[in-house]
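Read off the chains here:
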Amino acid sequence: MTAPGRVHIVGAGLAGLAAAVALVGRGRSATLYEAGRHAGGRCRSFADAELGCRIDNGNHLLLAGNRAALSYLERTGALGTLEGPLEARIPFFDLASGESWALRPNRGGLPWWILVPARRVPGTRARDYLEALKLRRAAADATIAERLDAGTVLFRRLWQPLAVAALNTGVDDASARLFWRVLVETLGRGGEACRPLAPREGLSESFVDPALAWLTGRGAAIRFGARLRAFDFSGERVSNLVFDEGAVALAAGDSVILASPASVAARLVPGLTVPQDHAPIVNAHFRCAPPGRAPLLLGIIGGTAEWVFRKREILSVTVSAADRIADRPAEELKNLLWREIARACRLPAAPIPPARIVKERRATFRATPDQLKRRPPTATRWANLVLAGDY
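Residues numbered from 1 in each chain as written. Predicted model: local features only at pLDDT ≥ 70, side-chain atom pairs only at ≥ 80, totals over all residues. Heavy atoms only, no water.

Novice: Would you mind going over the overall build of the protein chain with me for this structure?
Specialist: Each helix and strand in the protein chain was counted, giving 9 helices and 20 strands. Here the C-alpha atoms of the protein chain give a radius of gyration of 22 Å, agreeing with the 21 Å that 2.2 N^0.38 yields for 391 residues. Put simply, the protein chain has 391 residues, and 51% of those count as buried. Here the analysis covers contacts within the protein chain between residues at least 6 apart in sequence; of these, 67% occur between residues at least 24 apart. As displayed, the protein chain has an accessible area near 18100 Å², and 52% of this comes from carbon and sulfur atoms. Across the protein chain, the 53 positively charged side chains and the 37 negatively charged ones have centroids separated by 4 Å. (Helix = DSSP H or I, 4+ residues; strand = E, 2+ residues; numbered from the N terminus. Rg over C-alpha atoms; globule rule 2.2 N^0.38 Å. Buried < 20%, exposed > 50% of the residue type's maximum accessible area, 1.4 Å probe, protein only. Contact = heavy atoms within 4.5 Å. Areas by Shrake-Rupley, 256 points an atom, 1.4 Å probe, with all protein chains shown as cover. Lys, Arg positive; Asp, Glu negative; His and termini not counted. Charge placed at Lys NZ, Arg CZ, Asp CG, Glu CD.)

This is how it looks when you write it as structure tokens:
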């Protein structure tokens, strides 16, 4: 039997970092390769010269029920960098009616909260929530809008905003089956699993920098500026990693984890089928002092803005499945989004604070039934090559 060799991890986004931390934690030797100058991929922070402060490239909300993510942060010593409420309380503001409320699922798995009007969405009845069970037996090609009644208050005020945020896909196109899995892992596990958590400082300070320090402190090698051009294959194994600056030969016991974006993986791995339709996300970061007692997270119903995140020096808004606004000029988006944020957060509409618009045109694959069929398994036909990543 060949002794376990070194693991070569290509891609230092969150998937690559998590793989490296898990393997090094089990005593494996690892080398992490990243084409860019920074780790973290879409989950990192950077200094914005125009705003004069650090901002996150996107808004990534973590729920307390995500055990894998919390385990990763605990192992790297970063669990204490998160903040969030002690109970699941997610506030909303409806632009059309001016109503404010908070969704408050109870802590345990038995959902008695739907029986309490003050805990559920205004204008809904307890039996309305049972409609979600229609998703459980949805056909593989069914969409959310085909299984749930889009004309109800509950759909407009809860199912739609949750689905779009979780899947980055409009409800007319998003997979009903996948949304059911989201609900099972969140509301289905009770309020304790739904507590929102976010970095106290920034994404890099929680998810990236502690992991890099933890890995290097345990002997892992990290190479930035290492762009993989090709794999050399020999029989059923990857034999060489071909980088711009030369090839890295793999020993007999070495293995490879490819944690690159789907399009890169399809170029490197012969015959690999991956999702090919991607949806954009638009984030707007406004430099201003958040209002006193502002919630960590606020959902906005009925506008362009969807979720507002409170940060130290920033109010930040996310618009998912943002095809309808991705091509609009930044100045126009600043004006539009700030009007909605100001109303929801009870702030002056003018002057508009300094802002940065960040557009991620290929943020995630579009979670439609057709695209889900294109998701590959993690294992490949090569014995020492596996895949990692959100696709």
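Novice: What is the right way to look at a negative patch on the surface in this model?
Specialist: Judged by side-chain charge, Asp141, Glu146, Asp172, Asp173 and Asp370 come together as a negatively charged surface patch. By the secondary structure assignment, Asp141 is in the loop between strand 8 (100-103) and helix 3 (144-147). (Patch = residues over 30% accessible without salt bridge, like charges linked within 9 Å, V, L, I, M, F, W, Y side chains within 5 Å. Salt bridge = Lys/Arg side-chain N within 4 Å of Asp/Glu carboxyl O.)

Novice: Teacher, can you tell me more about the packing of helix 2 (residues 67-75) against helix 6 (residues 203-217) here?
Specialist: To characterise two packed helices, one gives the angle between the axes of the helices and the distance between these axes. At a minimum axis distance of 9 Å, the contact between helix 2 and helix 6 shows a crossing angle of 50°. Between helix 2 and helix 6, the interaxial angle falls into the category oblique. Relative to helix 6, helix 2 is oriented so that their crossing is left-handed. Within the contact between the two elements, helix 2 uses Tyr72, Leu73 and Arg75 and helix 6 uses Ser206, Phe207, Ala211 and Trp214. Of the residues contributing to the contact of helix 2 with helix 6, the split by class is 5 nonpolar, 1 polar and 1 charged. (Axes fitted to C-alpha atoms, helices over the stretch in contact; angles between N-to-C directions. Parallel < 35°, antiparallel > 145°, perpendicular 65-115°, else oblique. Left-handed = near helix turned anticlockwise from the far one by under 90°. Nonpolar A, V, L, I, M, F, W, Y, C, P; charged D, E, K, R; others polar.)

Novice: Sorry, what's going on with the pairing of strand 4 (residues 53-56) here?
Specialist: On a regular strand, one side chain projects to one face of the sheet and the next to the other, so that they alternate. With 4 bridges connecting them, strand 3 (residues 45-48) and strand 4 associate as antiparallel partners. Among the inter-strand pairings, Phe46 is bridged to a residue of strand 4, identified as Ile55. Between strand 3 and strand 4, which pair antiparallel in sequence order, lie 4 residues; one of them, Gly52, sits at a positive phi of approximately 70°. (Pairing = 2+ DSSP bridges.)

Novice: Sorry if this is basic, but what is going on with unusual backbone geometry here?
Specialist: Phi is mostly negative for residues that are not glycine, and the peptide bonds are mostly trans. The residue after Ala350, namely Pro351, is reached through a cis peptide bond having omega -5°. Relative to the assigned elements, Pro351 resides in the loop between helix 8 (330-345) and strand 19 (355-365). Of note, the phi angle at Ala321 is positive, near 45°, even though the residue is not glycine. Its location among the elements puts Ala321 in the loop between strand 18 (314-319) and helix 8.

Novice: Got a minute to help me understand the sheet that holds strand 13 (residues 246-249) in this structure?
Specialist: Pairing between the strands of a sheet comes from backbone hydrogen bonds, and it takes one of two forms, parallel or antiparallel. The antiparallel open sheet is built from 3 strands, whose spatial order is 11-12-13. For this open sheet the edge positions go to strand 11 (228-234) and strand 13, each flanked by a neighbour on one side alone. For this sheet the average axis-to-axis angle between neighbouring strands, irrespective of direction, equals 25°. Pairing of strand 11 with strand 12 (residues 237-243) involves 6 bridges; the strand directions are antiparallel. Following the sheet pairing, Asp232 is matched in strand 12 by Asn240.

Novice: Looking at this structure, I do not really get the environment of Ala247. What am I missing?
Specialist: Here Ala247 shows up in strand 13. For the pair formed by Ala247 and Asp232, sequence separation is 15 residues and the distance between their alpha carbons is 9.2 Å.

Novice: Honestly, the pattern of salt bridges in this entry has me stumped. Any pointers?
Specialist: Note that side chains of opposite charge can pair when their charged atoms are close. The tally for this structure, following the rule as stated, stands at 23 salt bridges. Between Arg356 and Glu50 there is a salt bridge, and its shortest N-O distance comes to 3.3 Å. Placement of Arg356 in strand 19 and of Glu50 in the loop between strand 3 and strand 4 is noted, with a sequence separation of 306 residues between them. With a relative accessible area of 27%, Arg356 lands in the partly exposed category.

Novice: Honestly, the packing of aromatic side chains in this entry has me stumped. Any pointers?
Specialist: To describe a pair of aromatic rings, one takes the distance between the centres and the angle between the planes. Applying the stated rule across the entire model yields 9 aromatic pairs. Taken together, a centroid distance of 5.6 Å and an interplanar angle of 15° make the contact between Phe92 and Trp101 stacked. Both residues of the pair, Phe92 and Trp101, count as buried. Taken together, a centroid distance of 6.5 Å and an interplanar angle of 80° make the contact between Trp159 and Phe179 edge-to-face. On the criterion of sequence distance, the pair formed by Trp159 in helix 4 (residues 153-167) and Phe179 in helix 5 (residues 176-185) is long-range, its members being 20 residues apart. Comparing Trp159 with Phe179 shows no difference in burial state: the two are buried. Among the aromatic residues, those joined into a cluster by ring pairs are Trp113, Tyr129, Trp159 and Phe179. Lying over the aromatic face of Phe243, Arg223 brings its terminal NZ or CZ to 5.4 Å of the ring centre. (Phe/Tyr/Trp six-rings, centres within 6.5 Å; stacked < 30°, edge-to-face > 60°. Lys NZ or Arg CZ within 6 Å of the ring centre and 35° of its normal.)

Novice: Help me understand helix 4, please; the structure alone is not making it clear to me.
Specialist: Within an α-helix, residues lying three or four positions from one another point in the same direction, as the helix has 3.6 residues per turn. Between the first and last C-alpha of helix 4 there are 21 Å, a value that for 15 residues agrees with the 21 Å anticipated at 1.5 Å per step. Most pronounced at Trp159, the bend in helix 4 amounts to some 35°, and the proline Pro161 follows within four residues. Inspection of helix 4 places Leu154, Phe155, Arg157, Leu158, Trp159, Pro161, Ala163, Val164 and Leu167 among the buried residues, and these make up the whole buried set. Following helix 4 by one or two positions, Asn168 has its phi on the positive side, about 50°. (Expected span 1.5 Å × (residues − 1). Bend = angle between axes of the 7 residues up to and from the residue.)

Novice: So what exactly am I meant to see when it comes to the nonpolar core here?
Specialist: What tends to happen in soluble globular proteins is that the nonpolar side chains get buried as a cluster. Ile144, Trp159, Phe231, Leu241 and Leu258 are the most contacted members of the largest nonpolar core, which totals 61 residues. Of the residues forming this core, the biggest block, 7 residues, is contributed by helix 4. (Core = buried A, V, L, I, M, F, W, Y, C linked by side-chain atoms within 4.5 Å.)

Novice: What am I meant to see in the sheet that holds strand 5 (residues 62-63) here?
Specialist: Strand order in this open sheet of 3 strands is 5-9-6, and the pairing throughout is antiparallel. On the outer flanks of this sheet lie strand 5 and strand 6 (82-83), each paired with one strand and no other.

These values are about where atoms sit, not about what they do.
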